[in-house]
Amino acid sequence: MKFFGKAMILFLGAYISLIAILALIENIFLASAVALFGSLFIYLFIAFVMRTKDVSEFYVAGRSIGSIPIGASIASNWMSGASFVSMAGVIALLGFDGLPYIIGWTLGYCIAAFMIAPFIRKSATYTIPEFIETRACYWPIARLVAVFILFIISFTYLIAQLVTTGIIVGRFLGLPAILGTIISSIIVIAFAGSGGWKSIVWVNVAQYFILIVAYWCVFIAAAYVAGIFNPWPHIGYGGILTTLELKEIQFGLRTLTEPFLRVLGGGMGELNWIFSALCLMLGTVGLPHVLSQFYLVKDVRTARYGVAWGLTFIGLLYITAPVYAILARYAFSQTWGMAIKDVFNLAWVQKWLPTGLIKLSDVNRDGILQPPEMSFHNDIVVIGMPDMFGLPWYFTPIIAIGGLAAALSTANGLIMVMAIGATRDIYKKFINPNASERKEIWIGRAMLIVLSVISSIFGARALDDPTFSTYVALLVGWAFVFAAASFTPIIILGIFWKDLNKYGMVMGMISGLAIALPYVVGVGLYGMPPITIFGSKIGTIAWGTLAFLINLIVTIVVSLATGGKKANTKEVLRFVDELKTPE
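Because the structure is a prediction, the values reported are computed rather than measured.

Participant: Is there a simple way to think about the overall build of the chain in this case?
Facilitator: From N to C terminus, the chain includes 27 helices and four strands. At 24 Å, the chain has a C-alpha radius of gyration in line with the 25 Å of a compact globule built from 583 residues. C-alpha atoms of the chain, sized along the principal axes, occupy 75 × 65 × 45 Å. Classification of the 583 residues of the chain by burial places 58% in the buried group. Residue pairs in contact within the chain that sit at least 24 positions apart in sequence constitute 81% of those at least 6 positions apart. By element, 69% of the accessible surface of the chain is carried by carbon and sulfur atoms, the whole surface being about 22400 Å². Here the chain contributes 37 positively and 27 negatively charged side chains, and the mean placements of these two sets differ by 10 Å.

This is the structure we're talking about:
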């Protein structure tokens, strides 16, 4: 480890020096490229040092991770490119109606952390499908169904992360976005293939601190320019929010703080808002790449402390996203009422117009920009912040490095849970139970390559086809829908309800997914009108709450109808008791 520390210091010194030299000779493009791609070598170096051939370290990092590292790893794995790049943009666009993302994700993490994590760790299983099979009296069908659902959830989430990396590379360096997607897939293979979860967890730790420093550096600088240190940006931004709302009223707009007026996930209304927040909360509890991290810690006590650290680390970004949103919205509002030609001449507008993230049109041909004549994509709120407030050039690669770290950290965990699902839950369980540890690890590495290639193809397709890109952007939210509809009720009941049996578990997962999947595809992809309940249009994200309830009801009814806990073996009932027995 001493060699590791010295080598890392030498690399960082050379990395920063090269960027500084390129900046001094005013080659800003090359300096930005070195900064962005150089960050990848930091992660590769860590992965190389943490490489392993031990199957326990490959699957669960030897169950040796401490509370602070696992907290940082969970936070970086949890805060995907969607959280880093898009969440503030959603709030800037939807205002109050975008809050279900923050409320749902935060509450969901709290439930997963304090009600689920310790029991998952105490189960001594390796994967969520293995936990489900164990709880289902070792019924192989339960494990197969769980693996199938794991792939649906994780694959939808993974494609979105690869697309995010492609977009970051394309927008910041002018390189083909597809190239960025391919590069990110290769990098992820290197992270995961070298040491499995042992490599990934320490790479995630580094990525968390890089992404949060990047997020806060730009935020603090923009807040300083905007003058909202009164006494601290999170408190002082109320002043510019008031100014913004007065300007919105002046131009006849609905203010950002007015509730239930905007479309969220294809739906609208109070019930859609509540159901969307509930779905994102419930979906968090069932996300396999987050739950899998709880298998990596030393013991249950470490799991409890780890989730507390994780919530702290996540909170640093989540409490800052609304401030980003208001700063960006305020910057846009400064152009309202200006001459159109003057708006076109603004430096930051000129930079971002070619990307399509902002659009200008003089609809009424009066030469003056009205609010409806400027539209913006939510991605510009974070990645365009340095340009909106005229920050020095180096803030742009800083935010790009942070966004890349966020997307890659989530992709790490997603592709790992799928590779383990294919290896341990399918190959080792059903195809070759006698496989050696060495062969098992090599099969796992082969699956990483196969899954990365497949996801890269879909990611490239998403970047190439604007229609496909539209619904790929929704995949992150849909992953939560599928998790809430399938895994969440089974995991909660599996821990706390002894009458749950294997028949209820399998029927519940199948029925929940059968309710969620057609609605998401129909409304989200093919334009089917959303169902209206009590005057609210229920969007695709909100529908996940209804699918969760269907799963819950079917699981309980089928379990009771097939004997309840009488259908469980004494071994499984003892397993449930031991989950809740203090160490």
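Participant: Is there a simple way to explain the nonpolar core in this structure?
Facilitator: Burial of nonpolar side chains together is a common tendency in soluble globular proteins. One finds I132 and F487 to be the most contacted residues of the largest nonpolar core, which totals 179 residues. Filtering out sequence-adjacent residues up to four positions away, I132 remains in contact with A142, A146, F487, I490, M505 and M509. Within the second largest apolar cluster, seven residues are counted, among which are F275, Y519, A542 and W543.

Participant: Sorry, what's going on with the environment of W393 here?
Facilitator: If you trace the backbone, W393 turns up in the loop between α20 (385–388) and α21 (395–431). Judged by its relative accessible area of 30%, W393 falls in the partly exposed class. Between the C-alpha atom of W393 and that of I28, which follows or precedes it by 365 residues, the distance is 7.8 Å. In this structure, W393 is in contact with I19, A23, I28, A31 and S32, ignoring residues within four places of it in sequence.

Participant: Help me understand the packing of aromatic side chains, please; the structure alone is not making it clear to me.
Facilitator: Centre-to-centre distance and the angle between the planes together describe a pair of aromatic rings. Within this structure, the stated rule accounts for 27 aromatic pairs. A centroid spacing of 5.9 Å and a plane angle of 5° characterise the contact between F11 and Y15, whose relative ring orientation is stacked. Linking F11 with Y15, this pair stays in helix α1 (residues 2–24), spanning four residues, or about one helical turn. With relative accessibility at 29%, the residue F11 sits in the partly exposed group. By relative accessible area, which is 12% here, Y15 ends up buried. The interplanar angle of 50° and the centroid separation of 5.9 Å between the aromatic rings of Y157 and F480 together place this pair among those described as tilted. A residue pair is termed long-range when its members are at least 10 positions apart, and Y157 in helix α8 (residues 140–173) and F480 in helix α24 (residues 475–496) qualify at 323 residues. For the pair Y157 and F480, a shared accessibility class is recorded, and that class is buried. Put simply, the rings of F84, Y215, W216, F219, F229, W232 and Y324 touch in pairs and so form one group of aromatic residues. Of note, K502 hangs over the ring of W139, and the distance from its end group to the ring centre comes to 5.2 Å.

Participant: I would appreciate a short explanation of the packing of helix α10 (residues 197–226) against helix α16 (residues 321–333) in the present structure.
Facilitator: What describes two packed helices is the angle between their axes and the distance between those same axes. Contact geometry for α10 and α16: axes closest at 11 Å, N-to-C directions at 45°. As far as their axial angle goes, α16 and α10 are oblique. For the pair α10 and α16, the crossing hand works out as left-handed. Across the interface between the two elements, Y215, V218, F219, A222, A223 and A226 of α10 pack against A321, V323, Y324 and L327 of α16. Looking at the contact of α10 with α16 residue by residue, the class counts come to 10 nonpolar, no polar and no charged.

Participant: Please explain α10 as it appears in this structure.
Facilitator: An α-helical turn contains 3.6 residues, so any two residues separated by three or four positions project in the same direction. Here α10 spans 42 Å end to end across 30 residues, near enough to the 44 Å set by a 1.5 Å rise per residue. One or two positions beyond α10, positive phi appears at G227, with a value near 75°.

Participant: Can you walk me through the pattern of salt bridges in this structure?
Facilitator: If charged atoms from side chains of opposite charge come close, those side chains can pair. Tallied over the full model, the rule gives nine salt bridges. Two residues, E130 and R424, come together in a salt bridge whose shortest N-O distance is 3.1 Å. Highlighted residues: E130 in helix α7 (residues 128–135) and R424 in helix α21, separated in sequence by 294 residues. The same class applies to E130 and to R424, which are both buried. D425 is paired through a salt bridge with R143; the nearest N and O atoms lie 2.6 Å apart. Taken as a pair, D425 in helix α21 and R143 in helix α8 lie far apart in primary sequence, 282 residues in all. When its relative accessible area of 0% is taken as the criterion, D425 is described as buried. Given a relative accessible area of 5%, R143 falls into the buried group. Each of E130, E133, R143, R424, D425 and K429 takes part in a single network of salt bridges with overlapping partners.

Participant: Help me understand the confidence of the model for the chain in this model?
Facilitator: Interpreting fine coordinate detail is not advised for predicted regions of low pLDDT. When pLDDT is averaged along the chain, the result is 86, and 93% of the positions lie at 70 or above. In the model of the chain, helix α23 (residues 466–472) stands out as the element of lowest mean pLDDT, 50, in contrast to helix α26 (residues 540–561), which has the highest, 96.

Participant: Explanation requested: unusual backbone geometry in the structure shown.
Facilitator: Working note: non-glycine residues mostly have negative phi, and peptide bonds are mostly trans. For the bond running from N230 to P231, omega is -5°, close enough to zero to count as cis. Among the structural elements, P231 can be located in the loop between α10 and α11 (233–236). Phi at E26 is positive, roughly 65°, even though this residue is not glycine. Looking at E26, the relative accessible area reads 67%, which means it is exposed. Positive phi, normally seen in glycine, also occurs at F534, with a value near 50°.

Participant: Would you explain the state of the cysteines in this entry?
Facilitator: Disulfides are covalent bonds that connect the sulfur atoms of two cysteines. Evaluation of the coordinates by the stated rule reveals zero disulfides. Between C110, a free cysteine, and C279, which holds the nearest cysteine sulfur, the sulfur-to-sulfur gap is 17 Å. The exposure class assigned to C279 is buried, which follows from its relative accessible area of 0%.

Participant: Honestly, a nonpolar patch on the surface in this entry has me stumped. Any pointers?
Facilitator: Together, I449, V450, V453, I454, I457 and F458 make up a nonpolar patch on the protein surface, roughly 500 Å² of accessible area in all. Position of I454 among the secondary structure elements: in helix α22 (residues 437–464).

Participant: Sorry if this is basic, but what is going on with helix α25 (residues 502–525) here?
Facilitator: Counted at 1.5 Å a residue, the expected span for α25 with its 24 residues is 34 Å, and the 34 Å between its end C-alpha atoms agrees. With a side-chain oxygen positioned 3.2 Å from the backbone nitrogen of Y503, the residue opening α25 is N501. Remark: G527 follows α25 within two positions and exhibits a positive phi of approximately 75°.

The rules we used
- Residues numbered from 1 in each chain as written.
- Predicted model: local features only at pLDDT ≥ 70, side-chain atom pairs only at ≥ 80, totals over all residues.
- Heavy atoms only, no water.
- Helix = DSSP H or I, 4+ residues; strand = E, 2+ residues; numbered from the N terminus.
- Rg over C-alpha atoms; globule rule 2.2 N^0.38 Å.
- Buried < 20%, exposed > 50% of the residue type's maximum accessible area, 1.4 Å probe, protein only.
- Contact = heavy atoms within 4.5 Å.
- Areas by Shrake-Rupley, 256 points an atom, 1.4 Å probe, with all protein chains shown as cover.
- Lys, Arg positive; Asp, Glu negative; His and termini not counted.
- Charge placed at Lys NZ, Arg CZ, Asp CG, Glu CD.
- Core = buried A, V, L, I, M, F, W, Y, C linked by side-chain atoms within 4.5 Å.
- Phe/Tyr/Trp six-rings, centres within 6.5 Å; stacked < 30°, edge-to-face > 60°.
- Lys NZ or Arg CZ within 6 Å of the ring centre and 35° of its normal.
- Axes fitted to C-alpha atoms, helices over the stretch in contact; angles between N-to-C directions.
- Parallel < 35°, antiparallel > 145°, perpendicular 65-115°, else oblique.
- Left-handed = near helix turned anticlockwise from the far one by under 90°.
- Nonpolar A, V, L, I, M, F, W, Y, C, P; charged D, E, K, R; others polar.
- Expected span 1.5 Å × (residues − 1).
- Salt bridge = Lys/Arg side-chain N within 4 Å of Asp/Glu carboxyl O.
- pLDDT = per-residue confidence, 0-100.
- Disulfide = S-S within 2.5 Å.
- Patch = residues over 30% accessible without salt bridge, like charges linked within 9 Å, V, L, I, M, F, W, Y side chains within 5 Å.
- Polar contact = N/O pair within 3.5 Å; in protein donor to acceptor, adjacent residues only side chain to side chain.

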